[in-house]
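Residues per chain, in single letters:
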Protein chains: 2
Amino acid sequence: MTGPRYTPLALSLPAAVPFVGPETHERERGAPFAARLGANENIFGPSPRAVEAMAQAAAEIWKYGDAQSHDLRLALAAHHGVQPENIMVGEGIDGLLGCLVRLLIGQGDAVVTSLGAYPTFNYHVAGFGGVIHTVPYKDDREDLAALFARAAEVDARIVYLANPDNPMGSWHKGAEIAAALDTLPEGCLLLLDEAYVECAPEGTAAPVSADDPRVIRMRTFSKAYGMAGARVGYALGHPELIAAFNKVRNHFGMNRAAQAGALAALQDQDWLAQVLAQIEGARAKIAEIAAQNGLSALPSATNFVAIDCGRDGAFAKAVLDSLVDQGVFVRMPFAAPQNRCIRVSCGPDAELEAFAAALPRALEAAHGAG
Amino acid sequence: MTGPRYTPLALSLPAAVPFVGPETHERERGAPFAARLGANENIFGPSPRAVEAMAQAAAEIWKYGDAQSHDLRLALAAHHGVQPENIMVGEGIDGLLGCLVRLLIGQGDAVVTSLGAYPTFNYHVAGFGGVIHTVPYKDDREDLAALFARAAEVDARIVYLANPDNPMGSWHKGAEIAAALDTLPEGCLLLLDEAYVECAPEGTAAPVSADDPRVIRMRTFSKAYGMAGARVGYALGHPELIAAFNKVRNHFGMNRAAQAGALAALQDQDWLAQVLAQIEGARAKIAEIAAQNGLSALPSATNFVAIDCGRDGAFAKAVLDSLVDQGVFVRMPFAAPQNRCIRVSCGPDAELEAFAAALPRALEAAHGAG
């Protein structure tokens with residue numbers, strides 16, 4: 001009595017988890033977190049109109065969601081001034097990344113990303129047999145020129161760029177990215193992850209036509225719109241690439257209430273503006289807390305702030321461990337030298353006060369450990 | 001300025017939609033359906049406790065769902081008398097099928113299913129380069145012996161069996177399936193889709209150990225539990241196979257409100273029992289409506305009924321087209337001779353009365369067309 005036969009690729013894959021979730025941490029430590037500041041969730045929350053739309057939709061949850069996410073797609077098209085054919089709605093950016101990688105990357109195909117950038121993208125690339133080539137950050141920013149140059153060297157099919165960047169919160173001007181497209185190698189797609197772009201200064205979103213076949217942009221309702229648990233993201237791109245998602249996506253995979261919630265959230269731009277102001281305020285507070293502890297916060301165009309702990313990764317890890325022990329969930333970059341930082345999500349005063357209260361002891365503990 | 005380079009597999013795939021959704025039909029016809037009886041949704045709806053849990057969770061939707069669906073998985077394990085390690089929760093059976101196929105099927109690998117069985121499974125197999133071998137139905141039931149024999153002939157890695165069956169509503173006794181496992185070829189996994197099993201007579205669920213490495217079972221909250229739009233399904237199987245899903249699944253892909261809703265639905269078995277009684281009543285009513293029109297309904301162990309229209313597929317299609325024109329959404333089997341039937345989902349009286357009112361004219365129209 002033997003088990004199933006796996007593909008060679010499946011056999012070669014580790015049972016990797018790109019991130020350990022906060023609930024998993026909580027179960028391991030046997031207590032809930034006092035402040036949930038590690039997953040770049042938006043504690044300021046979604047528009048009450050979105051909450052109401054989801055609650056209403058719960059009563060009709062016996063219906064499958066619309067396989068075409070038609071109403072949401074049309075509203076997004078109007079919002080961005082593009083055609084519905086330029087937009088694919090999917091189960092968060094994570095789900096869309098999986099589909100995109102599946103369409104473009106086979107065994108041995110090259111992909112370029114920054115060392116220490118979004119691990120879930122790398123997870124998908126490895127999951128389809130792709131080969132990841134990394135480029136180091138430069139001054140805590142993704143290095144656009146080096147990324148594109150490396151893409152040419154290795155004949156990459158995808159080059160990944162998050163703008164603004166996660167985990168550092170740094171950013172490029174959109175115009176610089178648009179200008180750099182001239183140096184993007186033929187046959188290499190720029191995957192521009194703009195998950196945090198609503199939080200960024202005017203001009204950060206790249207002024208690239210949705211019909212440009214060289215670029216696909218990813219957006220989400222998980223961050224500024226405060227709906228991470230709903231799983232709604234969308235891709236903006238050339239109609240041919242957008243249509244290709246229909247070859248592999250889970251056509252009835254969207255949660256119906258999430259579709260309704262995202263539509264309501266999009267229609268409440270006043271709420272978004274208010275949340276963005278709160279995020280800006282929280283960034284300043286986090287920087288202040290860092291300064292009060294003799295640390296410096298990096299400038300951020302996102303809903304989180306990277307705090308430079310001033311020493312190496314081991315030191316920052318000790319700070320992080322103590323924070324987590326004290327009930328403050330934060331995360332940190334994976335790669336040196338960015339891993340000298342801890343990454344703290346924006347949140348209301350209560351959460352930031354919990355962080356402020358825990359940080360001095362965490363630094364003390366880390367100094368003691370060193 | 002060229003577009004991206006797709007994999008050879010992606011280039012070979014059609015932009016296939018396994019099913020056209022009811023909203024798509026409604027947009028095409030420019031009017032909503034009076035009765036939505038085509039997608040085997042459960043119009044009797046979910047437990048009010050599930051609706052309440054989802055509405056409550058909407059306010060916390062800023063949090064990602066638990067990547068391990070821990071609480072739901074533990075409750076399901078207790079419900080089935082198995083270990084949590086035997087259970088993988090995923091984005092509906094459709095999502096789980098995609099992961100399973102990805103783990104087991106590579107280019108050219110053989111898969112066996114019944115001709116006219118669940119097209120979304122075939123979509124996933126084709127999507128990973130698998131080769132589908134089909135076996136005809138026998139007396140409107142899936143032919144267990146022939147499926148397993150065919151699996152041996154073609155060295156299949158997966159043999160798919162839905163019990164009860166969709167689209168015919170027929171079923172095998174669970175004990176027959178368990179006994180037949182002795183004839184399942186080595187290295188071939190039985191994928192037992194039990195999406196409708198709660199609606200079936202006692203003894204239909206196969207008495208197979210969750211630790212049996214030869215079988216994986218799929219269950220869902222979309223049918224009897226009335227939560228199709230939530231996208232919650234689960235797989236029951238050997239811990240090694242269950243763990244393998246962690247290599248490829250979207251770890252944070254579950255909607256947080258859906259997790260809470262499914263847990264509440266599972267805990268309300270009284271509601272489930274009441275809905276199952278309503279489904280049984282609706283099956284009888286559909287059979288009665290068929291008889292009143294000189295047609296015969298097939299016995300059903302599901303939340304839908306196949307009605308034999310008494311002639312060929314073209315005739316049944318004409319009946320279906322007229323029903324749809326009259327605002328009654330139903331579907332029909334894809335393959336002959338099952339496509340002599342139309343497939344009508346169970347529902348409350350209002351919906352079934354709309355169907356009863358439309359059927360005579362549909363039959364008249366079909367006779368006229370013939």
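Definitions and limits used
Residues numbered from 1 in each chain as written. Chains lettered and ligands numbered in written order. Predicted model: local features only at pLDDT ≥ 70, side-chain atom pairs only at ≥ 80, totals over all residues. Heavy atoms only, no water. Helix = DSSP H or I, 4+ residues; strand = E, 2+ residues; numbered from the N terminus. Rg over C-alpha atoms; globule rule 2.2 N^0.38 Å. Buried < 20%, exposed > 50% of the residue type's maximum accessible area, 1.4 Å probe, protein only. Contact = heavy atoms within 4.5 Å. Areas by Shrake-Rupley, 256 points an atom, 1.4 Å probe, with all protein chains shown as cover. Pairing = 2+ DSSP bridges. Axes fitted to C-alpha atoms, helices over the stretch in contact; angles between N-to-C directions. UniProt positions renumbered as here; feature names shortened; annotations may be inferred. Domains from an automatic or database assignment. Buried area = accessible area lost by both parts, 1.4 Å probe. Salt bridge = Lys/Arg side-chain N within 4 Å of Asp/Glu carboxyl O. Polar contact = N/O pair within 3.5 Å; in protein donor to acceptor, adjacent residues only side chain to side chain. Parallel < 35°, antiparallel > 145°, perpendicular 65-115°, else oblique. Left-handed = near helix turned anticlockwise from the far one by under 90°. Nonpolar A, V, L, I, M, F, W, Y, C, P; charged D, E, K, R; others polar. Phe/Tyr/Trp six-rings, centres within 6.5 Å; stacked < 30°, edge-to-face > 60°. Lys NZ or Arg CZ within 6 Å of the ring centre and 35° of its normal.

Tallying secondary structure elements over chain A gives 13 helices and twelve strands in all. In summary, chain A has a C-alpha radius of gyration of 21 Å against a globular reference of 21 Å for 370 residues, a match within 12%. With the C-alpha coordinates aligned to their principal axes, the bounding extent of chain A is approximately 60 × 55 × 50 Å. In chain A, buried positions account for 65% of the 370 residues. For chain A, the proportion of contacts with a sequence separation of at least 24, taken over those separated by at least 6, is 73%. For chain A, the accessible surface area stands at approximately 12,700 Å², while carbon and sulfur atoms represent 54% of it.

Picture the strands of a sheet paired through backbone hydrogen bonds; they go either parallel or antiparallel. Residues and elements named next belong to chain B. The strand order across the open sheet built from seven strands is 2-8-7-6-5-3-4, with neighbouring strands paired in mixed fashion. A strand with exactly one partner marks an edge of an open sheet, and here the two such strands are strand 2 (87-90) and strand 4 (131-135). Averaged over all pairs of adjacent strands, the angle between strand axes in this sheet comes to 20 degrees, irrespective of strand direction. For strand 3 (residues 110-114) and strand 4, the ladder comprises five bridges, and the chain directions are parallel. Residue pairing for strand 4: Val112 is matched across the bridge by His133. Lying on the sheet, helix 6 (residues 119-127) is in contact with strand 3, strand 4, strand 5 (158-162) and strand 6 (189-193); it crosses strand 3 at an angle near 165 degrees. Contacting strand 3, strand 4, strand 5 and strand 6, helix 7 (residues 144-154) runs over the sheet at an angle of about 165 degrees to strand 3.

It is worth spelling out the UniProt feature "domain: Aminotransferase class I/classII large" (unreviewed entry) in chain A at this point. Residues given the UniProt feature "domain: Aminotransferase class I/classII large" (unreviewed entry) here are residues 37-359 of chain A. A helix fraction of 39% and a strand fraction of 15% characterise residues 37-359 of chain A, whose end C-alpha atoms lie 13 Å from each other.

Quite often, the size of an interface is put as the accessible area lost when its parts meet. All names here are of chain A. Examined at the domain level, chain A breaks down into domain 1 (21-45 + 270-369) and domain 2 (48-267). Facing 26 residues of domain 1, the contacting portion of domain 2 comprises 24 residues. Here domain 1 packs against domain 2, burying approximately 2,000 Å² in sum over the two surfaces, 65% of which is carbon and sulfur. Among the residues of domain 1 in contact with domain 2, Leu272, Ala301 and Gln338 are the three that bury the most area, contributing 27% of the side total. Linking domain 1 with domain 2 are one salt bridge, by the criterion used here. One salt bridge connects Asp140 with Arg340, and the closest N-O pair in it is separated by 2.6 Å. Put simply, domain 1 and domain 2 have eleven residue pairs in polar contact (both at pLDDT 80 or more) between them. If you list the elements that add at least two residues to the side of domain 1 that touches domain 2, you get helix 11 (269-292), strand 10 (304-308) and strand 12 (341-345). At six residues, the largest contribution of residues to the side of domain 1 that touches domain 2 is made by helix 11.

This next bit is on the side chain of Ser47(A). All names here are of chain A. Along the chain, the position of Ser47 falls in the loop between strand 1 (35-36) and helix 3 (48-58). Ser47 sits in the buried class, given a relative accessible area of 1%. A polar contact of 2.9 Å, which involves the side chain of Ser47, links it to the backbone nitrogen of Arg49. Setting aside chain neighbours within four positions, we find Ser47 in contact with Ala265, Asp268 and Trp271.

Right, let's talk about the packing of helix 3 (residues 48-58) of chain B against helix 10 (residues 256-266) of chain B for a bit. All names here are of chain B. Contact geometry for helix 3 and helix 10: axes closest at 8 Å, N-to-C directions at 155 degrees. As judged from the angle between their axes, helix 3 and helix 10 are roughly antiparallel. In this structure, the crossing between helix 3 and helix 10 has a hand that is right-handed. On helix 10, the residues touching Arg49, Ala50, Ala53, Met54 and Ala57 of helix 3 are Ala257, Ala260, Gly261, Ala264 and Ala265. Residues of the contact of helix 3 with helix 10, tallied by class, amount to eight nonpolar, one polar and one charged.

Now for the packing of aromatic side chains. A ring pair, where both rings are aromatic, is described by two values, the distance of the centres and the angle of the planes. For the structure shown, the criterion picks out 16 aromatic pairs over all chains. Relative to Phe304(A), the ring of Tyr196(A) has its centre 5.2 Å away and its plane inclined at 80 degrees; by these criteria the two rings are edge-to-face. With Tyr196(A) in the loop between strand 6 (189-193) and strand 7 (215-220) and Phe304(A) in strand 10, this pair connects stretches of sequence that are 108 residues apart. Residues Tyr196(A) and Phe304(A) agree in their burial class; the two are buried. Taking 6.0 Å as the distance between ring centres and 70 degrees as the angle between the ring planes, the aromatic pair formed by Tyr64(B) and Phe252(B) counts as edge-to-face. Taken together, the positions of Tyr64(B) in the loop between helix 3 and helix 4 (70-80) and Phe252(B) in the loop between helix 9 (239-244) and helix 10 put the pair 188 residues apart, joining distant regions of the chain. Taken together, the ring pairs connect Phe19(A), Tyr118(A) and Phe334(A) into an aromatic cluster. When the ring centre of Phe128(B) is taken as origin, the NZ or CZ atom of Arg102(A), which lies over that ring, is 3.8 Å away.

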